[in-house]
Amino acid sequence: MQVCMTTTKTLLATVISATMLTGCYWKDPTSAAAYVSSEIERDAVVEHLEELEARASKTTDGNSVTRAAGTDGYQYSVDYIIDVMKEHGYRVSTQEFDFRAWEELNGTKLNVNGVDLISTREAGEGVEPDYAVMSYSGNSNGELTGPIVFVTPDFNFGSPDYDDTDGCEATDFAGKDVVGKVAVIQRGGCSFSDKVVNAQNAGAKAVIVFNQGNSEGRKAVVNGTLGSDTAAVIPAYGARYDLGKQWFDLSVTQAVPVALSVNVKDEMVVTQNVIAETKRGNPNQVVMLGAHLDSVPEGPGINDNGSGTAGLLEYAVTLAETKAPVKNKVRFAWWAAEEAGLVGSEYYTNELFAPIYDQAQKEILEELGLEDPSQLTEEQIEMVEARYSKLNKVKLYLNFDMIGSPNYIYGVMDGDLSDTKDSPDNAYTGDFKPPYGTSDIESIFNQFFGAKSESTIPQALSKRSDYAGFADWGVAFGGLFTGAEKVKTAEEVEKFGGEIDVAYDKCYHQACDDLNNISQEALYTNTQALAYVTTYYAFSKPLFPPKEEPAAKSMTRMQGVSEPVQKLRIGEKLKAAESHSDHGHFHGDFDQDRQ
């Protein structure tokens, strides 16, 4: 075995037929992982990106190209994935679903108190934008004018009575004359959609949500989304905190006029996820990996997320060409409409896992002689979850979303929360814990980077990419990330090189996210990393080390002391972290996930 692993790649090629007969590479997961990872070809990964950019279609305004869900560019990307996967012997299927495609068109403006403000679409390098249109905003149908009306802002951040729920309840608008006016609402406490819909129901003609201001991470432009299921039909903007505070101070002594216009395209279309899997491997032990295939409407999305798409695709090609005799079935997914709110992956996970949970619950109810789920005790619900985990064939999910950022870091999801538990980007607050196996996945990624003497940066589990649905359904998860719009620190430059105080990806969600916006070095290394970790689990039996019950927990049980643990139940939607997060992603953030 050791001889196989130390032989050079060139020599390996000359003896490949003999080693395949002896199974030299396949005797243990680490050997298999190292071999398949070493076979990844750097140029081949880049060629996939070239193919994706070539398939992007013209944007509505004709100023760029795009692969957004619902466009020709997306469909051409789907066709490319299907062709390559079928050519290499995978079972391929598509999963269609209706999708509300939204796009901001030319003609947006926002003028407050006679000042023309700068949008995120207009701001050049080094220019701080003032506002952004929230995705799924309504049309203005021409110019709208009216005075500002504030709802219930609270700037006393240090007060024990501080209230961050401005506009979250219909009663917040009682006694406020907002009819025919522009409601200005401070961020916080609930989803953007709740605030906008409440204002709309009170008679407002438009809404501006300004950032909360209670920390440095809550002062820039709110670049949010109302979500594809919003009931809002009026224009909705997000603005900087400083502007909101300035307008509020002005409004104490004078009327503050607003003139605005926004033109959007909003239509229902059919889009599709692409799912492919190996013909070999235990079908009851599925190792799954995924990347979103769509871009934002503004550009071709070559880093976000052509990079993850290409990494998956080249790994699939390599796995097939090495004829790896996987022990566990490997399933690939390319998700649609991630940028609109994780729509494709949420659709897949709900459609797949909810019936499995229902089946587990039905079996346990029958075994216990009960008729209604409301009769189940906490211990019996744990029996349901254990049965669900046994019935569920998908045992882990690996996510790859932006793995080639030009000013990159090597980010690995912090599966054991040892480095990011107290981060504002962490969704697993309090006693909540990620599904079992998540920490093991982190350790295998770090095993790969450690062997290459590469540093890594632990990434908080924010639930702001396509692993969210898997996490909610109790599936272990992990993944890689090279950074989005936040700037690189001096410490990170020392570890990875690059430019200090410059964004990891200066073209994040912009037209310039093209082939020139990729670090080929990061893309290649991360593709090797995803190949290593996926192959490791494809050959692992069992997948994870056995659970170890902490001694303190055992002693507590022996002493009959109850444990103050907040349990996250399978199928519950754990709210995503607030948008301190780099990679606020999916075309902005909800502030709070849809329930």
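Up top you'll find the structure we're talking about.
My aim in this report is to walk through the structure given alongside it, one point at a time. Because the structure is a prediction, the values reported are computed rather than measured.

1. Concerning the environment of Pro 458
At step 1: Within the fold, Pro 458 resides in strand β17 (residues 457-459).
At step 2: Separated by 46 residues in the primary sequence, Pro 458 and Val 412 have C-alpha atoms spaced 5.2 Å apart.
At step 3: The residues contacting Pro 458, other than those within four sequence positions of it, are Val 412, Asp 414, Asp 419 and Thr 420.

2. A look at the sheet that holds strand β14 (residues 328-335)
At step 1: Read from one edge to the other, the open sheet built from 8 strands follows the order β3-β12-β14-β13-β15-β18-β16-β17, with strand pairing classed as mixed. The open sheet has two edge strands, β3 (91-104) and β17, and neither has a second partner. Along the sheet, successive strands turn relative to each other by an average axial angle of 20 degrees, direction set aside.
At step 2: Here strand β13 (residues 282-292) runs beside strand β15 (residues 394-400); their pairing, made up of 5 bridges, is parallel. In the strand pairing of β15, Val 287 is matched with Leu 396.
At step 3: Set on the sheet, helix α6 (residues 72-87) makes contact with β3, β12 (264-277) and β14; between it and β12 the angle comes to about 5 degrees.
At step 4: Running over the sheet, helix α15 (residues 520-538) touches β13, β14, β15 and β18 (476-481) and is turned about 165 degrees from β13.

3. Focus: the side chain of Gln 459
At step 1: With respect to the element layout, Gln 459 can be found in strand β17.
At step 2: Within polar-contact distance, the side chain of Gln 459 engages the backbone oxygen of Ile 457 at 3.2 Å.
At step 3: Apart from residues lying up to four places away in sequence, Gln 459 is in contact with Ile 409, Gly 411, Val 412, Met 413, Asp 414, Thr 420 and Phe 481.

4. Considering the pairing of β14
At step 1: Summarising burial for β14: 8 of the 8 residues are buried, a large majority.
At step 2: Here 4 bridges tie β12 to β14, and the two strands are oriented antiparallel to one another. Each bridged residue has a counterpart across the sheet, and for Ala 276 the counterpart in β14 is Phe 332.
At step 3: Bridge count between β13 and β14: 8 bridges; the pairing is parallel. The residue bridging Asn 282 from the neighbouring strand is Asn 328, located in β14.

5. A word on the sheet that holds strand β4 (residues 109-112)
At step 1: Here 8 strands make up an open sheet; going across it, the order is β5-β4-β11-β7-β8-β9-β10-β6 and the pairing mixed. The open sheet has two free edges, formed respectively by β5 (115-116) and β6 (131-133), since each of these has just one partner strand.
At step 2: Contacting β8 (182-186), β9 (206-210) and β10 (236-239), helix α7 (residues 192-201) runs over the sheet at an angle of about 150 degrees to β8.
At step 3: The strands that helix α8 (residues 241-251) touches are β4, β7 (144-150), β8, β9 and β10; relative to β7, the one it contacts most, it runs at about 85 degrees.

6. Considerations on the environment of Phe 155
At step 1: Structurally, the position occupied by Phe 155 is in the loop between β7 and β8.
At step 2: Separated by 420 residues in the primary sequence, Phe 155 and Lys 575 have C-alpha atoms spaced 25 Å apart.

7. Points about the pattern of salt bridges
At step 1: Counted under the stated rule, the structure contains 19 salt bridges.
At step 2: The shortest N-O distance in the salt bridge between Asp 249 and Lys 245 comes to 3.0 Å. Remark: Lys 245 and Asp 249 occur in helix α8; sequence separation between them is 4 residues, near one turn of the helix.
At step 3: For Asp 249, a relative accessible area of 40% gives the class partly exposed.
At step 4: Between Glu 267 and Lys 265 there is a salt bridge, and its shortest N-O distance comes to 3.7 Å.
At step 5: Here the salt bridges do not stand alone but share partners, grouping Glu 104, Arg 121 and Glu 298 into one network.

8. So, unusual backbone geometry
At step 1: The omega torsion across Asp 304 and Asn 305 is 5 degrees, close enough to zero to call that bond cis.
At step 2: Checked against the element boundaries, Asn 305 lands in helix α9 (residues 302-321).
At step 3: With an omega of -5 degrees, the peptide bond between Lys 541 and Pro 542 qualifies as cis.
At step 4: The backbone of Asn 113 shows a phi angle near 55 degrees, a positive value even though the residue is not glycine.
At step 5: In this fold, Asn 113 is placed in the loop between β4 and β5.
At step 6: Residue class for Asn 113 comes out partly exposed when judged on its relative accessible area of 31%.
At step 7: With phi around 60 degrees, His 509 is a residue other than glycine that occupies positive phi space.
At step 8: On the secondary structure map, His 509 appears in the loop between α14 (490-496) and α15.

Analysis parameters
- Residues numbered from 1 in each chain as written.
- Predicted model: local features only at pLDDT ≥ 70, side-chain atom pairs only at ≥ 80, totals over all residues.
- Heavy atoms only, no water.
- Helix = DSSP H or I, 4+ residues; strand = E, 2+ residues; numbered from the N terminus.
- Contact = heavy atoms within 4.5 Å.
- Pairing = 2+ DSSP bridges.
- Axes fitted to C-alpha atoms, helices over the stretch in contact; angles between N-to-C directions.
- Polar contact = N/O pair within 3.5 Å; in protein donor to acceptor, adjacent residues only side chain to side chain.
- Buried < 20%, exposed > 50% of the residue type's maximum accessible area, 1.4 Å probe, protein only.
- Salt bridge = Lys/Arg side-chain N within 4 Å of Asp/Glu carboxyl O.

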